[in-house]
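Examination of the molecular architecture
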Amino acid sequence: MNDAASPDAVVLRSLDRRGVATLTLNRPDKGNAYDQAMLDALEGEVARLAADPVVRVVVLRGSGKHFCVGAEIGVAAPTQEGPRVTVPALCVALDALPKPTVALVHGACIGGGVALLSCCDVVLAARDAFFALPEVRLGFAPGPLIPLFLRAIDPRSLRRYLLSGERFSAEAAVRSGLVHELCEADGLDAALARLIDELLLAGPNALAQAKRLFLHFAPSPPSPQLLAELQREFEQGFNSPEATEGRSSFREKRKPRWAAPE
């Protein structure tokens, strides 16, 4: 395998001789929580891999104990002027990537991490992985991500987990449609190898056409205009007094003031 990124990069990139590209989220000390640098790096890699004819399959995984614990809590929503990469825009690009995409999940997959899974073609997960959409517990709604969650999670399941913010198991993720296959944590790479062998039996042009046709007939992802509107609404909510209290309670490891007393 040919590594093409420095070991301290926030996203590691590799490509093997069969054309299998691997993107590894690489902030293990932060649970692979994403920041703007990671979003920028991922968007660049997705664009590059989409255009590279050598690439046949794209694998997304995380280093360390977790796949991705979502956004880095305590960091205010960016207010810089001009275009910037957002999680929803990244997910839409990942969704449209004209190669099969496989996510390999272990440990925690939370918030925006779930959105990334929702836009991958196949998701393999360790049996002890866990998932959550905890934004409402932090005082804001994940508005721009909800259309993306709906691309993979059945609406009844999403209603529960979106509104409760509770953790749900890998088994529940399979029942909801988010995850395709479970295996023991030490068997993830073997399961991935078997799946890649199957995917590489497909003609690359036929596979790209099949994915394009699927995306044409499937419910459309949110338009850029709708995403921009939802993002503006999200940033207002993210910086609201309620969200400020929610993030403070998270950092201080206490219940927020709105929590009903026991």
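Below or above, wherever it landed, is the structure these notes cover. (Residues numbered from 1 in each chain as written. Predicted model: local features only at pLDDT ≥ 70, side-chain atom pairs only at ≥ 80, totals over all residues. Heavy atoms only, no water.)

Below, the discussion takes up the overall build of the chain. Each helix and strand in the chain was counted, giving ten helices and ten strands. Taking 262 residues into account, the globule formula puts the C-alpha radius of gyration at 18 Å, and the chain, at 18 Å, falls close to it. Reported as C-alpha extents along the three principal axes, the dimensions of the chain are approximately 55 × 40 × 40 Å. Here the chain, with 262 residues, has 48% of them falling under the buried criterion. Pairs at least 24 apart in sequence give 71% of the contacts found in the chain among residues at least 6 apart. If you sum the accessible surface of the chain, you get close to 13,300 Å²; carbon and sulfur atoms cover 56% of it. Here the chain contributes 29 positive and 31 negative side-chain charges, whose respective centroids are spaced 2 Å apart. (Helix = DSSP H or I, 4+ residues; strand = E, 2+ residues; numbered from the N terminus. Rg over C-alpha atoms; globule rule 2.2 N^0.38 Å. Buried < 20%, exposed > 50% of the residue type's maximum accessible area, 1.4 Å probe, protein only. Contact = heavy atoms within 4.5 Å. Areas by Shrake-Rupley, 256 points an atom, 1.4 Å probe, with all protein chains shown as cover. Lys, Arg positive; Asp, Glu negative; His and termini not counted. Charge placed at Lys NZ, Arg CZ, Asp CG, Glu CD.)

For Arg27, the position within the fold is in the loop between β3 (20–25) and α1 (36–51). Among the residues examined, Arg27 registers a relative accessible area of 12% and is labelled buried. A distance of 2.8 Å separates the side chain of Arg27 from the backbone oxygen of Ala33, its partner in a polar contact. (Polar contact = N/O pair within 3.5 Å; in protein donor to acceptor, adjacent residues only side chain to side chain.)

The next subject is the sheet that holds strand β6 (residues 108–110). Pairing in this open sheet of three strands is mixed, and the strands run β6-β8-β9 from one edge to the other. Each having just a single partner strand, β6 and β9 (167–169) make up the two edges of the open sheet. Each strand of the sheet is rotated relative to its neighbour by a mean of 25°, with strand direction disregarded. One ladder, built from three bridges, connects strand β8 (residues 130–132) with β9; its direction is antiparallel. Residue Ala132 lies in a different strand from β9, and its bridge partner there is Arg167. (Pairing = 2+ DSSP bridges. Axes fitted to C-alpha atoms, helices over the stretch in contact; angles between N-to-C directions.)

Any two side chains of opposite charge can pair if their charged atoms end up close together. Tallying each qualifying case throughout the model produces 16 salt bridges. Residues Asp95 and Arg151 are paired through a salt bridge, measuring 2.9 Å at the closest nitrogen-oxygen approach. Here Asp95, found in helix α2 (residues 87–96), pairs with Arg151, found in the loop between α4 (146–149) and α5 (155–164); they are 56 residues apart in sequence, far enough to count as distant. On the basis of relative accessible area, Asp95 is assigned to the buried category, the value being 10%. Taking the shortest distance from any N to any O, the salt bridge between Glu166 and Arg160 comes out at 2.9 Å. (Salt bridge = Lys/Arg side-chain N within 4 Å of Asp/Glu carboxyl O.)

Ranked by internal contacts, the top residues of the largest apolar core, which has 50 residues, are Val105, Leu117, Phe131 and Leu178. The biggest single contributor to this core is α1, with five residues. When neighbours within four sequence positions are excluded, Leu178 is seen to be in contact with Val114, Leu117, Ser118, Val123, Phe131, Ala152, Ile153, Phe168 and Ala173. Ranked by size, the runner-up nonpolar core spans 16 residues in total, among them Ala126, Leu188, Leu192 and Leu195. (Core = buried A, V, L, I, M, F, W, Y, C linked by side-chain atoms within 4.5 Å.)

You can see Glu135 is positioned in the loop between β8 and α4. Judged by its relative accessible area of 8%, Glu135 falls in the buried class. The spacing of Glu135 and Gly70 is 65 residues in sequence and 9.9 Å in space, taken between C-alpha atoms. Contact partners of Glu135, with chain neighbours within four places excluded, come to Gly111, Gly112, Phe140, Pro142 and Leu145.

Time to look at the packing of aromatic side chains. One pass over the structure, following the stated rule, counts five aromatic pairs. Arranged with centres 5.7 Å apart and planes meeting at 20°, the rings of Phe131 and Phe168 form a pair that is stacked. Placement of Phe131 in strand β8 and of Phe168 in strand β9 is noted, with a sequence separation of 37 residues between them. This pair shows no difference in class: Phe131 is buried, exactly as Phe168 is. Centroid distance Phe140 to Phe234: 5.6 Å. Interplanar angle 75°. Geometry classified as edge-to-face. Taken as a pair, Phe140 in the loop between β8 and α4 and Phe234 in helix α9 (residues 224–238) lie far apart in primary sequence, 94 residues in all. (Phe/Tyr/Trp six-rings, centres within 6.5 Å; stacked < 30°, edge-to-face > 60°.)

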